[in-house]
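Structural overview
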Amino acid sequence: MIAIIDYGMGNIHSVKKALEVSGGIVSVTNNPAEIKKADKLVLPGVGAFGDAMLELEKRGLAAAIKEHISGGKIFLGICLGMHLLFETSQESPEVAGLGILKGTVCKFAGGPGLKVPHMGWNQIRFSKSACKLFQGIRDGSAVYFCHSYYPRPGEAGCVAAVTEYGADFPSIIWRDNVYAMQFHPEKSQSTGLALVGNFVRL
C-alpha cells in the first residue's frame, strides 16, 4: 500500500490519481499509525517550507516519516516534499527540515531571461542512469516545474538527475530507499506517468 501524506499543503488529488492510474493501491492519510503500515510513502507539497514543517511536527508526521525511511521503506518527495528532506531552507532559515539529507534549499537568483519562479517545461538529464525510476525514460525528457527554490545537497552522490536554469540544479534525488523530484510528475504527461509507474513498481 502507498500512503500519501496529507498535511494540508499538497496537490493530493492529482498525485493520488497518477499513482492509481499506474497501478498503485493508494491511501491518503494524516494518521501516523496508518503511515507505519504503509509499504511506500509519498510526501507531496505546495507552499512554504516553514509552514510545512510546522504542520508535519504538529500532526506527529515528521517522526513517522523518519521512522519509515530509517526502516528501509521506499519514500518519494515531490516539489516541497523534496525540500523538506534537507536540513535547512533559505525560505525559512529559522526552521529545521527533516534532515534526512545533508544540505540546504536555496532561492533562484533570477536574471535576464530567468524568471522566478521557474515555471513550465524543462529537461532532466540523468547523472545516475542506474536509478530504477528511469526505466523506459529517455534522457533529456521534459517535465513540468513550478518552484522558486531548489536543493543544494551536501552530498553530491545523491543527485540522480539535473536540470539547467541559469545553472544546473538537482531535479531528481536518489539515495538508497529515498527518491525525490523537484518537478511535478502528476503534471508531466506521459513522462511523469512513466516515472510514477516506475515508483509504483519499485
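Description of the structure in this document. (Residues numbered from 1 in each chain as written. Predicted model: local features only at pLDDT ≥ 70, side-chain atom pairs only at ≥ 80, totals over all residues. Heavy atoms only, no water.)

**Topic: the nonpolar core**
With 36 residues, the main nonpolar core has Leu19, Val42, Leu133, Phe134 and Ile172 as its most contacted residues. Counting only elements with at least two residues in this core, the list comes to strand 1 (2-5), helix 1 (12-21), strand 4 (74-78), strand 9 (142-147), strand 11 (159-165), strand 12 (167-175), strand 13 (178-181) and helix 6 (189-200). Beyond its immediate sequence surroundings of up to four residues, Ile172 is in contact with Met82, Ile124, Leu133, Phe134, Cys158, Val159, Ala160, Ala161, Ala180, Met181 and Phe183. Ranked by size, the runner-up nonpolar core spans 35 residues in total, among them Tyr7, Leu41, Met53 and Ile100. (Core = buried A, V, L, I, M, F, W, Y, C linked by side-chain atoms within 4.5 Å. Buried < 20%, exposed > 50% of the residue type's maximum accessible area, 1.4 Å probe, protein only. Helix = DSSP H or I, 4+ residues; strand = E, 2+ residues; numbered from the N terminus. Contact = heavy atoms within 4.5 Å.)

**Considering the sheet that holds strand 5 (residues 88-89)**
Within the open sheet, the three strands sit side by side as 5-6-10. Their pairing is mixed. Among the strands making up the open sheet, the edge pair consists of strand 5 and strand 10 (149-153). Across two bridges, strand 5 lies against strand 6 (residues 103-107) in parallel orientation. Along strand 6, the bridge assignment pairs Thr88 with Thr104. (Pairing = 2+ DSSP bridges.)

**Remarks on the pairing of strand 9**
Of the two faces of strand 9, the one lined by Val143, Phe145 and His147 is fully buried and the one lined by Ala142, Tyr144 and Cys146 carries no buried residue. Examined bridge by bridge, strand 7 (residues 118-123) and strand 9 share six bridges and lie antiparallel to one another. Looking at the pairing, Gln123 lines up with Ala142 of strand 9.

**A word on the pattern of salt bridges**
Counted by the stated rule, this structure contains six salt bridges. Glu20 serves as the salt-bridge partner of Lys16, at 2.6 Å between the closest nitrogen and oxygen. Separated by four residues within a single helix, Lys16 and Glu20 lie in helix 1, roughly one turn from each other. Residue Glu55 pairs with Arg59 through a salt bridge whose shortest N-O separation is 3.0 Å. In the salt-bridge network here, residues are joined through shared partners; they are Glu55, Lys58 and Arg59. (Salt bridge = Lys/Arg side-chain N within 4 Å of Asp/Glu carboxyl O.)

**Comments concerning unusual backbone geometry**
Glycine aside, residues mostly have negative phi angles, and peptide bonds mostly take the trans form. The amide bond that connects Val116 to the next residue, Pro117, takes the cis arrangement and shows omega of 10°. Structurally, Pro117 is set in the loop between strand 6 and strand 7. Unusually for a residue other than glycine, Cys79 sits at a positive phi of about 55°. Within the secondary structure, Cys79 is located in the loop between strand 4 and helix 5 (80-83).

**Some words on the packing of helix 1 against helix 6**
Put simply, helix 1 and helix 6 touch, their axes get as near as 8 Å, and they point 70° apart. Comparing the axis directions of helix 1 and helix 6 gives the class roughly perpendicular. Along this stretch, helix 1 crosses helix 6, giving a crossing that reads as right-handed. When helix 1 is examined against helix 6, the residues Ala18, Leu19 and Val21 are found in contact with a partner set consisting of Leu193, Val196, Phe199 and Val200. (Axes fitted to C-alpha atoms, helices over the stretch in contact; angles between N-to-C directions. Parallel < 35°, antiparallel > 145°, perpendicular 65-115°, else oblique. Left-handed = near helix turned anticlockwise from the far one by under 90°.)

**Quick look at helix 6**
Taking 1.5 Å as the rise per residue, helix 6 with twelve residues should run 16 Å; its terminal C-alpha atoms sit 16 Å apart, in good agreement. Taken residue by residue, helix 6 has Thr191, Gly192, Leu195, Val196, Gly197, Asn198, Phe199 and Val200 as its buried positions. For helix 6, the secondary structure elements touched by its buried residues are strand 1, helix 1, strand 3 (40-43), strand 4, strand 9 and strand 13. (Expected span 1.5 Å × (residues − 1).)

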